[in-house]
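The primary structure of each chain is shown beneath.
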Amino acid sequence: MQGNTVAILGAGAWGAALAKLAAENGHRVRVWSRQGSTTLADVVQDAQIVLSAISMKGVREVASQVHSFTPSSETIFVTATKGLEPQTICTPSQIWQSTFPDNAVVVLSGPNLSKEIEQSLPAATVVASHESTAAETVQLVFSSSRFRVYTNPDPVGVELGGTLKNVMAIAAGVCDGLHLGTNAKAALVTRGLTEMVRIGNCWRAKTETFYGLSGLGDLLATCNSPLSRNYQVGYQLAAGKSLVEILAKLPGTAEGVNTCQVLVQLARQKNIVIPITEQVYRLLQGEVTPKQALDELMLRDIKPEYQ
């Protein structure tokens, strides 16, 4: 197993953390970034594993460029991007799989704040694929005594857990920014998970996946950490800053902002009830204040917890 060539696309904090894990396991690691001097063609050439950690807006274009280099059908593509494509409502793995229909595609997602992984603090993640041997290969590449990697057969569920929780993290940031307390936060995160399951089921994702590391695990990490960019967006909105001002100063992308818009579009098409997401959307659009969004959620019709 030792000695795979691993191409990491994206040299941000997440790509760098994953590159370090693979290198420490003795794999040959090449990293590509738009700002770097190494070409994409050189980085992916003869790589057994190509891992994409680029932001959502670049996924289709980069996948298409990689396709033009005709990689082997044995190459495993791993996606570590969290988001949805606005035009198509596709997930990153769906984009990679449609570009490379004959290759195995693996999703990597979990409660993984990159700064903590860089510091070698203990963490766990999930690698998911319809091809179990591909997931197991990727599991071995990244597993270490400080980074525990589990496999899962539900790639869309694993991917959506990491994507949908970003919207809830914005709501959690607002909750903390308004100093609403622990009870409110616990209620918000629990009901947020219910919304994630509802949306996930629409994509035929398995409900139990959302109670695992890539769903509940990632939700807890992101909703409780000032290291999360999405949490920061909510926290600063609650402090009265404008979205434009917050995003201008944010290091990296808060994928939850775009994801929220795509989800509201989907929910309206398919009649999915997602009240928290809806209020986050209205807040991001400037239609309501954080206080008004809270009042709307608290004053909804009372109902049973489970339908």
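Conventions and cut-offs
- Residues numbered from 1 in each chain as written.
- Predicted model: local features only at pLDDT ≥ 70, side-chain atom pairs only at ≥ 80, totals over all residues.
- Heavy atoms only, no water.
- Helix = DSSP H or I, 4+ residues; strand = E, 2+ residues; numbered from the N terminus.
- Rg over C-alpha atoms; globule rule 2.2 N^0.38 Å.
- Contact = heavy atoms within 4.5 Å.
- Areas by Shrake-Rupley, 256 points an atom, 1.4 Å probe, with all protein chains shown as cover.
- Lys, Arg positive; Asp, Glu negative; His and termini not counted.
- Charge placed at Lys NZ, Arg CZ, Asp CG, Glu CD.
- Buried < 20%, exposed > 50% of the residue type's maximum accessible area, 1.4 Å probe, protein only.
- Pairing = 2+ DSSP bridges.
- Right-handed = clockwise from strand over helix to strand, strands pointing away.
- Expected span 1.5 Å × (residues − 1).
- Bend = angle between axes of the 7 residues up to and from the residue.
- Axes fitted to C-alpha atoms, helices over the stretch in contact; angles between N-to-C directions.
- Core = buried A, V, L, I, M, F, W, Y, C linked by side-chain atoms within 4.5 Å.
- Parallel < 35°, antiparallel > 145°, perpendicular 65-115°, else oblique.
- Left-handed = near helix turned anticlockwise from the far one by under 90°.
- Polar contact = N/O pair within 3.5 Å; in protein donor to acceptor, adjacent residues only side chain to side chain.
- Salt bridge = Lys/Arg side-chain N within 4 Å of Asp/Glu carboxyl O.

(A) A look at the overall build of the protein chain. From N to C terminus, the protein chain includes 14 helices and seven strands. The globule rule puts the C-alpha radius of gyration for 307 residues at 19 Å, and the 19 Å found for the protein chain is close to it. Projected onto the principal axes, the alpha-carbon positions of the protein chain cover approximately 55 × 40 × 35 Å. For the protein chain, contacts bridging at least 24 residues in sequence account for 70% of all contacts bridging at least 6. With the model as given, the accessible surface of the protein chain reaches about 14200 Å², and the carbon-plus-sulfur share is 52%. Charged side chains of the protein chain number 25 positive and 25 negative; the gap between the two group centres comes to 4 Å.

(B) Representation of the side chain of Thr209. Relative to the assigned elements, Thr209 resides in the loop between helix H8 (182–202) and helix H9 (213–223). If we skip the residues at most four places from it in the chain, Thr209 touches Asn152, Asp154, Gly157, Val158, Ser214 and Gly215.

(C) Here's a closer look at the pairing of strand S3 (residues 49–52). Covered by surrounding structure in S3 are Ile49 and Leu51 together with Val50 and Ser52, the residues of both alternating faces. Across four bridges, the pairing between strand S1 (residues 5–9) and S3 is parallel. Bridging from a neighbouring strand, Val6 pairs with Ile49 of S3. Where S3 lies against strand S4 (residues 76–79), four bridges are found, and the strand directions are parallel. From the neighbouring strand, Ile49 faces S4, where its bridge partner is Ile76. Chirality of the crossover, the property in question, places the unit of S3, helix H3 (residues 59–67) and S4 among those that are right-handed.

(D) Unusual backbone geometry, seen in detail. Positive phi values are uncommon outside glycine, yet Asp46 reaches one of about 60°. Positive phi, normally seen in glycine, also occurs at Thr70, with a value near 40°. Mapped onto the secondary structure, Thr70 falls in the loop between H3 and S4.

(E) Seen up close, the environment of Val106. Following the sequence through the fold, Val106 ends up in strand S5 (residues 105–109). Taking the relative accessible area as the measure of exposure, Val106 reaches 0% and is therefore buried. Taking C-alpha positions, Val106 is 9.9 Å from Val126, a pair spaced 20 residues apart along the chain. Look past the residues within four positions of Val106 in its chain and what remains in contact with it is Ile76, Phe77, Val78, Thr79, Val127, Ala128, Ser129, Ala134, Ala135 and Val138.

(F) Looking closely at helix H7 (residues 155–177). Taking 1.5 Å per residue, 23 residues should reach 33 Å; H7 reaches 34 Å between its end C-alpha atoms and fits that length. At Asn166, H7 shows its maximal kink, close to 30°. Most of H7 sits inside the fold, with 22 of its 23 residues counted as buried. Once H7 finishes, His179 follows within two positions and takes phi at roughly 55°, a positive value.

(G) Representation of the sheet that holds S5 within the structure. Within the open sheet, the seven strands sit side by side as S2-S1-S3-S4-S5-S6-S7. Their pairing is mixed. The open sheet has two edge strands with one neighbour each: strand S2 (28–32) and strand S7 (147–152). Shown here is a sheet whose adjacent strand axes are inclined to one another by a mean of 20°, direction ignored. Contacts from helix H6 (residues 132–142) reach S1, S3, S4, S5, strand S6 (123–128) and S7 within the one sheet, and its direction differs from that of S7 by about 175°.

(H) Structural detail: the nonpolar core. Residues Leu160, Trp203, Phe210, Val233, Val280 and Leu284 are the most contacted members of the largest nonpolar core, which totals 48 residues. Breaking this core down by element, the ones donating at least two residues are H7, H8, H9, helix H10 (229–238), helix H11 (243–249), helix H12 (255–270) and helix H13 (275–284). At eleven residues, the largest contribution of residues to this core is made by H7. Once residues lying within four places of it in the same chain are set aside, the contact partners of Val280 are Val167, Ile170, Ala171 and Cys260.

(I) Broad picture of the packing of H3 against helix H4 (residues 92–99). Relative to each other, H3 and H4 sit at 25°, their axes nearing to 10 Å. The pairing of H3 with H4 is recorded here as roughly parallel in orientation. The interaxial crossing formed by H3 with H4 has right-handed handedness. Along the contact surface, H3 presents Val59, Arg60, Val62, Ala63, Ser64, Val66 and His67, while H4 presents Pro92, Ile95, Trp96, Ser98 and Thr99.

(J) Representation of the side chain of Thr81. For Thr81, the location among the structural elements is in the loop between S4 and H4. The class of Thr81 is buried, set by a relative accessible area of 6%. Separated by 2.7 Å, the side chain of Thr81 and the backbone oxygen of Ile54 make a polar contact. Thr81 has contacts with Ser52, Ala53, Ile54, Ser55, Met56, Val59 and Pro92, leaving out every residue within four places of it along the chain.

(K) Summary view of the pattern of salt bridges. In the structure shown here, the tally under the stated rule is ten salt bridges. For Lys185, the salt bridge is made with Asp176, and the minimal N-O distance between the two is 2.9 Å. For Lys185, a relative accessible area of 11% corresponds to the buried category. Notably, a salt bridge pairs Arg282 with Glu287, separated by 3.4 Å at the nearest N-O pair. What makes Arg282 partly exposed here is its relative accessible area of 22%. Overall, the relative accessible area of 46% leaves Glu287 in the partly exposed class.

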